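Now for the letters of each chain:
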Amino acid sequence: MPSKSKTKGKGFEREVCNFLSELYEDSFTRVPDSGAFTGGKNAYRRESLTEGQVRAHKGDIIPPDEWLHFNAECKNYAEFPFHQLFTQSPVPLLESWLEQTLDAADPGDCNILFMKFNRKGRYLAYQLPQNFNTIRHLDYTDKSGNNWRITGFDDFFTLNKDIFSQSCKKEV
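Here goes a summary of the coordinates provided.

Parameters at a glance
Residues numbered from 1 in each chain as written. Predicted model: local features only at pLDDT ≥ 70, side-chain atom pairs only at ≥ 80, totals over all residues. Heavy atoms only, no water. Helix = DSSP H or I, 4+ residues; strand = E, 2+ residues; numbered from the N terminus. Contact = heavy atoms within 4.5 Å. Expected span 1.5 Å × (residues − 1). Bend = angle between axes of the 7 residues up to and from the residue. Buried < 20%, exposed > 50% of the residue type's maximum accessible area, 1.4 Å probe, protein only. 1 Å grid on protein atoms, 1.4 Å probe; cavity = no way out; pocket = protein on both sides within 12 Å on 5 of 7 lines; lining within 4 Å. Points joined across faces, edges and corners; volume = space filled by probe spheres on them. Nonpolar A, V, L, I, M, F, W, Y, C, P; charged D, E, K, R; others polar. Arc of directions from axis to C-beta. Salt bridge = Lys/Arg side-chain N within 4 Å of Asp/Glu carboxyl O. Pairing = 2+ DSSP bridges. Axes fitted to C-alpha atoms, helices over the stretch in contact; angles between N-to-C directions.

Describing the overall build of the protein
Turning to step 1, where the next piece is worked out: In terms of regular secondary structure, the protein is built from 5 helices and 7 strands.
Turning to step 2, where the next piece is worked out: The linear arrangement of helices and strands in the protein, starting from the amino end, is α-β-α-β-β-α-α-β-β-β-β-α.
Turning to step 3, where the next piece is worked out: For the protein, contacts bridging at least 24 residues in sequence account for 62% of all contacts bridging at least 6.

Listed below in C-alpha cells is the structure:
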C-alpha cells in the first residue's frame, strides 16, 4: 500500500498533467514510477536508452513529443518554510527539489519545478535565463550558483502560455 505522501505527490503530478493537457490541448502524462529513473545516481541508464526513452523518463511529467526541452518536477507538501527565502540561504528543502530537477536536465532544457502547499496555493520555480513574464516573483540562487525565479502558478500560465510552449519546443 503506497504511503499518503506518495499518493499526494502522484495526485499533484496528475493535476499538473491534466492542467497542461487542457491548456495546450495535447497529451501530458505522469512518468510511470517516477523517481529519478534517469537522474542522479541513475544517469548511467541514459547510455543505453534512445532520446525518446530518456525524454519519457525525465522528471515527473512526459510531455508531447515536440516538447523536446521540457523538464519538470512536482512537489506537493503540507508546509513550506517561506520565511527561509528571506532569512536563510540556502533553503534546504528547496535546494533538494531544485537539485532533483537539474539531475534529469539536459543542456537547453526549460527546467521547471511545480509546487503545491496545503492552504497556501500553487507556485513554480523556473531556471533563468528563461525570459518569462511575471506579476510578482522572487529570485533565488541555489548553492550551485544556478538562478531561479519563483512565481505564482496561475499567473505564470496566464502570462506565458505561448512563450512557455515555444521555449520547451525550441531547437537548441
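Examining helix α5 (residues 153-169)
Turning to step 1, where the next piece is worked out: Across its 17 residues, α5 extends only 20 Å between first and last C-alpha, which sits more than 12% below the 24 Å expected from 1.5 Å per residue.
Turning to step 2, where the next piece is worked out: In the structure, α5 departs most strongly from a straight axis at Asn160, where the bend amounts to approximately 85 degrees.
Turning to step 3, where the next piece is worked out: Phe153, Phe156, Phe157, Asn160, Phe164, Ser165, Ser167 and Cys168 are the residues of α5 that are buried.

Brief notes about empty space enclosed by the protein
Turning to step 1, where the next piece is worked out: Summed over all chains, the structure comprises 2 cavities of 30 Å³ or more.
Turning to step 2, where the next piece is worked out: Put simply, the largest cavity is a space of about 40 Å³.
Turning to step 3, where the next piece is worked out: As for the largest cavity, its lining consists of Phe80, Phe82, Leu85, Leu94, Met115, Phe117, Tyr123 and Ile150.
Turning to step 4, where the next piece is worked out: The residue makeup of the lining of the largest cavity, split by class, is 8 nonpolar, no polar and no charged.

Here we look at helix α4 (residues 92-103)
Turning to step 1, where the next piece is worked out: In this model, α4 (12 residues) spans 16 Å end to end at C-alpha, consistent with the 16 Å of a helix rising 1.5 Å per residue.
Turning to step 2, where the next piece is worked out: Considered for burial, the residues of α4 that qualify are Leu94, Glu95, Trp97, Leu98 and Thr101. In an axial view of α4, the angular spread of the buried residues amounts to 165 degrees, which keeps them on one side of the axis.

As for the pattern of salt bridges
Turning to step 1, where the next piece is worked out: For the structure on display, the rule yields 6 salt bridges.
Turning to step 2, where the next piece is worked out: Glu15 serves as the salt-bridge partner of Arg122, at 2.9 Å between the closest nitrogen and oxygen. On the criterion of sequence distance, the pair formed by Arg122 in strand β5 (residues 121-127) and Glu15 in helix α1 (residues 4-24) is long-range, its members being 107 residues apart.
Turning to step 3, where the next piece is worked out: On the accessibility criterion, Arg122 (23% relative accessible area) is partly exposed.
Turning to step 4, where the next piece is worked out: Residue Glu15 is classed as partly exposed on the basis of its relative accessible area, which comes to 25%.
Turning to step 5, where the next piece is worked out: Residues joined by salt bridges that share partners form a network here, namely Glu15, Lys116, Arg122 and Asp154.

Looking at the sheet that holds strand β7 (residues 147-152)
Turning to step 1, where the next piece is worked out: Spatial strand order, β3-β4-β5-β7-β6: 5 strands in an open sheet with mixed pairing. Strand pairing shows two members of the sheet lacking a second neighbour, β3 (70-77) and β6 (137-141), which therefore form its edges. Sheet twist, expressed as the average angle between the axes of neighbouring strands with direction ignored, equals 20 degrees.
Turning to step 2, where the next piece is worked out: Bridge analysis of β5 against β7 gives 5 bridges, and the strand direction is antiparallel. Of the residues in β7, the one forming a bridge with Tyr123 is Gly152.

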